[in-house]
Amino acid sequence: MPIDTKRVRGPEESQSPLLFLGADEGARPGPLQPRADGRSAAEPRPVFARAGLVSQADGSVYAEYGRSKVLCAVYGPRESDRKEERRLSGATLGCEFRFAPFSCKKRAAWIQGNLEKEYSSIMEQSLQPAICLHKYPRSQIEVYVMVLENDGSTLAAALTCASIALAEAGIEMFDVVVGCSLRQCGDVSLLDPTAAEEYSASSSQEVESAETPENSEEKIETGLVQFLDWCRQSGLVLSSKVCVSKEGTVADYGLVAKDEIEEGELLFSVPRSAVLSQHTTTISDLLKKEEAALESPSGWVPLLLSMMFEITSSESPWKSYFSLWPDFSSLHHPMFWSEEERNRLLLGTGVALAVEKDLLNIEEEYNSIVLPFMNSHLNTFNPQKHTLDLYKKLVAFIMAYSFQEPEDDETDDDDETPKPPMMVPMADILNHVTNHNARLDFAPDCLKMVSIRKISKGEEIFNTYGQLANWQLLHMYGFTEPYPSNTHEAMVIRMQMMYDAALQAVQTEEERKLLLEKWEFLTKLEIVGEEGDFVIGQEGVLTDEELYGTLKVLSMSMEEFEEYKANNDEDEEEDLSSLDNAVIPKLKPAWKQLLRNTVTMRLKSYSSGLKEEEATLANKETYQQLSKRERDSLQVRYAQKMILHQLLMLTE
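Reading the values: rules and limits
Residues numbered from 1 in each chain as written. Predicted model: local features only at pLDDT ≥ 70, side-chain atom pairs only at ≥ 80, totals over all residues. Heavy atoms only, no water. Helix = DSSP H or I, 4+ residues; strand = E, 2+ residues; numbered from the N terminus. Buried < 20%, exposed > 50% of the residue type's maximum accessible area, 1.4 Å probe, protein only. Axes fitted to C-alpha atoms, helices over the stretch in contact; angles between N-to-C directions. Parallel < 35°, antiparallel > 145°, perpendicular 65-115°, else oblique. Left-handed = near helix turned anticlockwise from the far one by under 90°. Contact = heavy atoms within 4.5 Å. Nonpolar A, V, L, I, M, F, W, Y, C, P; charged D, E, K, R; others polar. Pairing = 2+ DSSP bridges. Salt bridge = Lys/Arg side-chain N within 4 Å of Asp/Glu carboxyl O. Phe/Tyr/Trp six-rings, centres within 6.5 Å; stacked < 30°, edge-to-face > 60°. Core = buried A, V, L, I, M, F, W, Y, C linked by side-chain atoms within 4.5 Å. Patch = residues over 30% accessible without salt bridge, like charges linked within 9 Å, V, L, I, M, F, W, Y side chains within 5 Å. Areas by Shrake-Rupley, 256 points an atom, 1.4 Å probe, with all protein chains shown as cover. Lys, Arg positive; Asp, Glu negative; His and termini not counted. Charge placed at Lys NZ, Arg CZ, Asp CG, Glu CD. Expected span 1.5 Å × (residues − 1). pLDDT = per-residue confidence, 0-100. Polar contact = N/O pair within 3.5 Å; in protein donor to acceptor, adjacent residues only side chain to side chain.

Trainee: Would you take a moment to explain the overall build of the protein chain for this structure?
Mentor: Each helix and strand counted, the protein chain has 19 helices and 20 strands in total. By residue count, 49% of the 652 residues in the protein chain fall in the buried class.

This is how it looks when you write it as structure tokens:
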């Protein structure tokens, strides 16, 4: 008889878990500041767990965290039901988190809600790096969690239960994932909070907690009302033709047209006093006084300190502005992926290397500038609260949501110091597409969002983050545009790779010395560099002068090179330095061969081929079953490979 594995079922022979509870644990030591249930702030609830309760599952666990009760069942590894899901690289992992209808104070719907979907995604992202998926090719592993009673910290309990159930199923793992919840209530951190503590009005910052379905939507609506009230009090003027909404937007909150909007209409204006920056923060005087000590290559340290202070202060005048910010746990930047995920999904794209540099720079900046500054001002900052982890999250937040005012036309060209970033309420709600319909203008007294074309009723209003390729969007903002909608798509080839490709064709020691001499000559002219890149777009080469000069010099014979060095002036031949797609096929055969060899070498840096990814994109069902990280990575890889394959065709 077929088995329904899509839901967690009770054991065929049931026994009450109460039979296996130990004797009374006795009185706990009296904490200095007891909570409602008698625990100290850093004391978790007693935990009971028993494996093997679901007989039809490969692994199962029932657990109690105080009054929170969770049941988890694992099925697999087994052959994937669908042929298209069978991956040779390893097993696919699926997670489903559900609240039983009777588990919450208000009866939950049986249909999976947004919170349950989010928790399912978090579970998948947390468990995936810990499981040796590569040892189970063409297989699937399914994890199902059912919350039987919700008294807080259910996501943390689910993660721990899932790890135990996976271990009981005999599935090989790199390590066990253990969940833990923490609730920040003013200056007190509550470990393993109950439901009452999670929804306490005194809590000023949520590090990680579970929410019941009925309270999550209520909390979101309350946050929106608080934010809009704060906007009105701060002098932000919103057009009657637009509204903040989650309906009809591509991601989370966005701005939607309630009526027809003509080109050039004002959508909203934000006074400079409502912009959060190093000049408007509560600690602006301190930052001004220590300006010299806070200088850094990024230029972001003053704003980061401002945000660290304001977001952790219960008295912050920006508190209502923060109420609509996405939770830090929902940041999708690759810097929050595991190193294994980045190397597996983003190999060859350049994103993993960029993230590695970011993380090193962030840590260096925090340890050398931020931490000494905080230690000098312990009456304002607390290094135990304003940690490196919080700093990293705020860096990602600024990267994704901040704005930078353009330089004035009259600015002296010698003054290359860019203006510091700022957080602009309402403007940071707008989502991005390449074909945007609004633009942020900077006026002396305010910032204005203006429509740049006619916008229909019900249409989402989009800003632009710049002319960015998908790999840049993923790196800085944590999302991509589906191919081929991003008309600014581009990819990079390390300049050093062209030297390596030319070196492969060398046959004698004399040719090797000549090639090295040519490369040193190009380096001296600053045409190439050790960390330099050639940038290739959909319509041709964007760094055309650098690539043209490199191809020209590296393809010269010894006599031509000696003559070129002696003259070192412009070539009198037809100017082909603009290397668009119409010009590349007209290049000299030696040039095209060198470019082709370089492109072939660049394609080998990926872990998968173009046809494999075309098949995944063509199958909508398979594509939708990928995690968000897998989909975004696929879009980046596919767009880059399409540009490279186009170059191969042009150099045939």
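Trainee: I would appreciate a short explanation of the packing of helix α6 (residues 301-311) against helix α9 (residues 351-376) in the present structure.
Mentor: What describes two packed helices is the angle between their axes and the distance between those same axes. At their nearest, the axes of α6 and α9 sit 12 Å apart, and the two run at 55° to each other. Taken together, α6 and α9 sit at an angle that is classed as oblique. By crossing handedness, the relation of α6 to α9 is classed as right-handed. Each of Val301, Leu304, Leu305 and Met308 in α6 lies in contact with α9, whose residues at this interface are Glu365, Ile369, Val370, Phe373 and Met374. Split by residue class, the contact of α6 with α9 holds eight nonpolar, no polar and one charged.

Trainee: How should the pairing of strand β3 (residues 68-79) be read in this particular structure?
Mentor: One face of the sheet, then the other: side chains in a regular strand alternate in exactly this way. Direction of pairing for strand β2 (residues 59-65) relative to β3: antiparallel, over a ladder of seven bridges. Bridge pairing in β3 links glycine 59 to valine 74. Note that β3 and strand β5 (residues 139-149) share nine bridges and pair antiparallel. What sits directly across from glutamate 79, in β5, is serine 139.

Trainee: Hey, could you run me through the pattern of salt bridges in this one?
Mentor: Opposite charge on two side chains permits them to pair, given that their charged atoms come into close proximity. For the structure shown, the criterion picks out 28 salt bridges. Between lysine 393 and aspartate 389 there is a salt bridge, and its shortest N-O distance comes to 3.2 Å. Taken as a pair, lysine 393 and aspartate 389 lie in helix α10 (residues 388-401) at a separation of four residues, close to a single helical turn. Connected through shared salt-bridge partners, Arg39, Arg45, Arg67, Asp151, Asp192 and Glu197 make up one network.

Trainee: Would you explain the packing of aromatic side chains in this entry?
Mentor: To describe a pair of aromatic rings, one takes the distance between the centres and the angle between the planes. Counted under the stated rule, the structure contains 21 aromatic pairs. Where tyrosine 477 meets phenylalanine 479, the ring centres are 6.3 Å apart and the plane angle is 55°; that geometry is what we call tilted. On the basis of an interplanar angle of 75° and a centroid distance of 5.3 Å, the ring pair of tyrosine 548 and tryptophan 591 is categorised as edge-to-face. Of this pair, tyrosine 548 sits in helix α14 (residues 544-554) while tryptophan 591 sits in helix α16 (residues 589-603), placing them 43 residues apart in sequence. Of the two residues, tyrosine 548 and tryptophan 591, neither departs from the other in class, the shared state being buried. Taken together, the ring pairs connect Phe227, Trp230, Trp318, Tyr321 and Phe322 into an aromatic cluster.

Trainee: What is the right way to read the nonpolar core from this model?
Mentor: Generally speaking, soluble globular proteins have nonpolar side chains that are buried together. With 78 residues, the main nonpolar core has Phe268 and Leu305 as its most contacted residues. Beyond its immediate stretch of four places on either side in the chain, phenylalanine 268 contacts Leu236, Val237, Leu238, Leu255, Pro425, Met426, Ala427, Leu430, Leu447, Lys448 and Met449.

Trainee: Looking at this structure, how should I read the side chain of glutamine 128?
Mentor: Looking at the element boundaries, glutamine 128 is found in the loop between α1 (114-127) and β5. Residues within four places of glutamine 128 in sequence aside, it is in contact with Leu93, Leu133, Glu341, Arg344 and Glu630.

Trainee: What exactly am I supposed to notice about unusual backbone geometry here?
Mentor: Residue glycine 76 is joined to proline 77 through a cis peptide bond whose omega torsion reads 0°. With respect to the helices and strands, the residue proline 77 is situated in strand β3. With an omega of 5°, the peptide bond between tyrosine 483 and proline 484 qualifies as cis. One can find proline 484 in the loop between α11 (470-477) and β19 (490-494). Of note, serine 153 is a non-glycine position whose phi angle comes to about 60°, a positive value. Looking at the secondary structure, you find serine 153 in the loop between β5 and α2 (154-168). On the basis of relative accessible area, serine 153 is assigned to the buried category, the value being 1%. Its identity is not glycine, yet glutamate 526 carries a phi of approximately 65°, on the positive side. If you trace the backbone, glutamate 526 turns up in the loop between α13 (509-524) and β20 (533-537).

Trainee: How do you make sense of the environment of valine 61 when you look at a structure like this?
Mentor: Relative to the elements of secondary structure, valine 61 occurs in strand β2. C-alpha separation for the pair valine 61 and serine 163, spaced 102 residues apart in sequence, amounts to 9.3 Å. Setting aside its immediate chain neighbours within four residues, valine 61 contacts Ala49, Arg50, Ala51, Val70, Leu71, Cys72, Cys161, Ile164 and Ala165.

Trainee: Help me understand a negative patch on the surface, please; the structure alone is not making it clear to me.
Mentor: A cluster of like negative charges, contributed by Asp259, Glu260, Glu262 and Glu263, occupies part of the molecular surface. Positionally, glutamate 260 belongs in the loop between β11 (254-257) and β12 (266-271).

Trainee: How do you make sense of the sheet that holds strand β1 (residues 47-51) when you look at a structure like this?
Mentor: Pairing within the open sheet is mixed, and its five strands lie in the order β1-β2-β3-β5-β4. Two strands in the sheet have a free side with no partner beyond their single neighbour: β1 and β4 (92-99). Averaged over all pairs of adjacent strands, the angle between strand axes in this sheet comes to 15°, irrespective of strand direction. Along the sheet face, α1 touches β4 and β5 and points at about 145° away from the line of β4.

Trainee: Sorry if this is basic, but what is going on with α16 here?
Mentor: Because the α-helix completes a turn every 3.6 residues, residues three or four places apart line up on one side. The first and last C-alpha atoms of α16 sit 21 Å apart over 15 residues, in line with the 21 Å expected at 1.5 Å per residue. All buried positions along α16 are accounted for by Trp591, Lys592, Leu594, Leu595, Thr598, Val599, Met601, Arg602 and Leu603.

Trainee: What's the story with the sheet that holds strand β15 (residues 431-432) in this structure? I'm lost.
Mentor: Within a sheet, neighbouring strands are paired by backbone hydrogen bonds and run either parallel or antiparallel to one another. Pairing in this open sheet of four strands is mixed, and the strands run β10-β11-β18-β15 from one edge to the other. Of all strands in the sheet, those with a lone pairing partner are β10 (242-245) and β15, marking the two edges. As paired elements, β11 and strand β18 (residues 460-463) share two bridges and run antiparallel to each other. Opposite leucine 255, over in β18, you have isoleucine 461 as the bridge partner.

Trainee: Help me understand the packing of α16 against helix α19 (residues 628-650) in this model?
Mentor: It is at 9 Å that the axes of α16 and α19 come closest, and there the two elements cross at 150°. One finds that α16 runs roughly antiparallel with respect to α19. For the pair α16 and α19, the sense of crossing is left-handed. In contact with Lys592, Leu595, Arg596, Val599, Thr600, Arg602 and Leu603 of α16, α19 contributes Gln640, Lys641, Leu644, His645, Leu647, Leu648 and Leu650. Split by residue class, the contact of α16 with α19 holds seven nonpolar, three polar and four charged.

Trainee: What exactly am I supposed to notice about the confidence of the model for the protein chain here?
Mentor: Detailed reading of the predicted coordinates is not advisable wherever pLDDT is low. Chain-level statistics for the protein chain give a pLDDT mean of 85 and a share of 86% at 70 or above. The low-confidence segment residues 21-33 (pLDDT under 50) makes 12 contacts with residues lying over four places distant or belonging to another chain. A low-confidence stretch, residues 201-220 (pLDDT under 50), is modelled with 56 contacts involving residues beyond four sequence positions or located in other chains.

Trainee: Would you explain the environment of serine 402 in this entry?
Mentor: For serine 402, the location among the structural elements is in the loop between α10 and β13 (403-404). Note: C-alpha distance between serine 402 and leucine 276 (126 residues apart in sequence) is 9.6 Å. When residues no more than four places from it in sequence are discounted, the contact partners of serine 402 are Phe397, Pro421, Met422 and Met423. A polar contact of 2.5 Å, which involves the side chain of serine 402, links it to the backbone oxygen of isoleucine 398.

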